[in-house]
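Tertiary structure, described
So the chains spell out like this:
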Amino acid sequence: MNDLAKTARPATLDDAPSILSIFLESVKQTDVKGGINLLSVIDWIDNASDQYPLWVLEKDDSVIAWCGLEAFYGLPELEGVAEVAIYITAQYQRQGLGAELLALMERHGVDHNRHSLVAYILSDNHSSLQFFLRNSFIEWGTLPSVVRSGGAVSDLKLLGRQLDDVSSETK
């Protein structure tokens, strides 16, 4: 395991500008421009919990990545499912951190009685699609033309992974 990935910690309000910066950096890779701002990120941090954490990863006192789990859909019957998000600053992408952070979230999911993880990915975000597919996610569906931003129209892919083969003891 990458030693850096072991240092993930819960996000604090002081991390909000860095989290926003990393998110906006990733949005530049697509035609869709999200309406996420600092208040959105503060809300994410305020709503994070032990069940649905938001973690950051630092190197040299700078946040270089963040990841989190979020409730899926809000129905009691779906409490075993969590939505996953991973964002890594460009300088640190393709170094194995994404897989390590995903493994962290998978173990956390198992520890908190999650049986499935889902990821929503814009259809034109090929690098994220390939990342999740390489890491045992499969495509569960497509929501055609549901994403609309600044004149751009995009499909939203739903990828998922069952956690039956993940052990919380492989930390």
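See the structure above.
If you're wondering where the values come from, they're calculated on a predicted model, not measured in any experiment.

Examining the nonpolar core
Membership of the largest hydrophobic core comes to 25 residues, with the highest contact counts inside it found for Val84, Ile86, Leu102, Met105, Phe132 and Phe137. Of all the secondary-structure elements, those providing two or more residues to this core are strand S2 (54-59), strand S3 (62-71), strand S4 (81-88), helix H3 (97-111), strand S5 (116-122) and helix H4 (126-134). If we skip the residues at most four places from it in the chain, Met105 touches Trp55, Cys67, Gly68, Leu69, Val84, Ala85 and Ile86.

Considerations on a nonpolar patch on the surface
Side chains of Tyr120, Leu143 and Val146 sit close together on the surface and give an oily, nonpolar patch of about 260 Å² of accessible area. Note that Tyr120 resides in strand S5. Judged by relative accessible area, Tyr120 falls into the partly exposed class, the value being 35%.

Brief notes about the sheet that holds strand S1 (residues 9-10)
Read across the sheet, seven strands follow the order S1-S2-S3-S4-S5-S7-S6 without closing on themselves; strand pairing throughout is mixed. For this open sheet the edge positions go to S1 and strand S6 (138-149), each flanked by a neighbour on one side alone. Here three bridges tie S4 to S5, and the two strands are oriented parallel to one another. Its bridge partner lying in S5, Val81 is registered against Ser116. With respect to the sheet, H3 is in contact with S2, S3, S4, S5 and strand S7 (152-162), its orientation differing from that of S4 by roughly 155 degrees. This element, H4, spans S4, S5, S6 and S7 of the sheet and lies at about 160 degrees to S5.

Rules behind the numbers
Residues numbered from 1 in each chain as written. Predicted model: local features only at pLDDT ≥ 70, side-chain atom pairs only at ≥ 80, totals over all residues. Heavy atoms only, no water. Core = buried A, V, L, I, M, F, W, Y, C linked by side-chain atoms within 4.5 Å. Buried < 20%, exposed > 50% of the residue type's maximum accessible area, 1.4 Å probe, protein only. Helix = DSSP H or I, 4+ residues; strand = E, 2+ residues; numbered from the N terminus. Contact = heavy atoms within 4.5 Å. Patch = residues over 30% accessible without salt bridge, like charges linked within 9 Å, V, L, I, M, F, W, Y side chains within 5 Å. Areas by Shrake-Rupley, 256 points an atom, 1.4 Å probe, with all protein chains shown as cover. Salt bridge = Lys/Arg side-chain N within 4 Å of Asp/Glu carboxyl O. Pairing = 2+ DSSP bridges. Axes fitted to C-alpha atoms, helices over the stretch in contact; angles between N-to-C directions.

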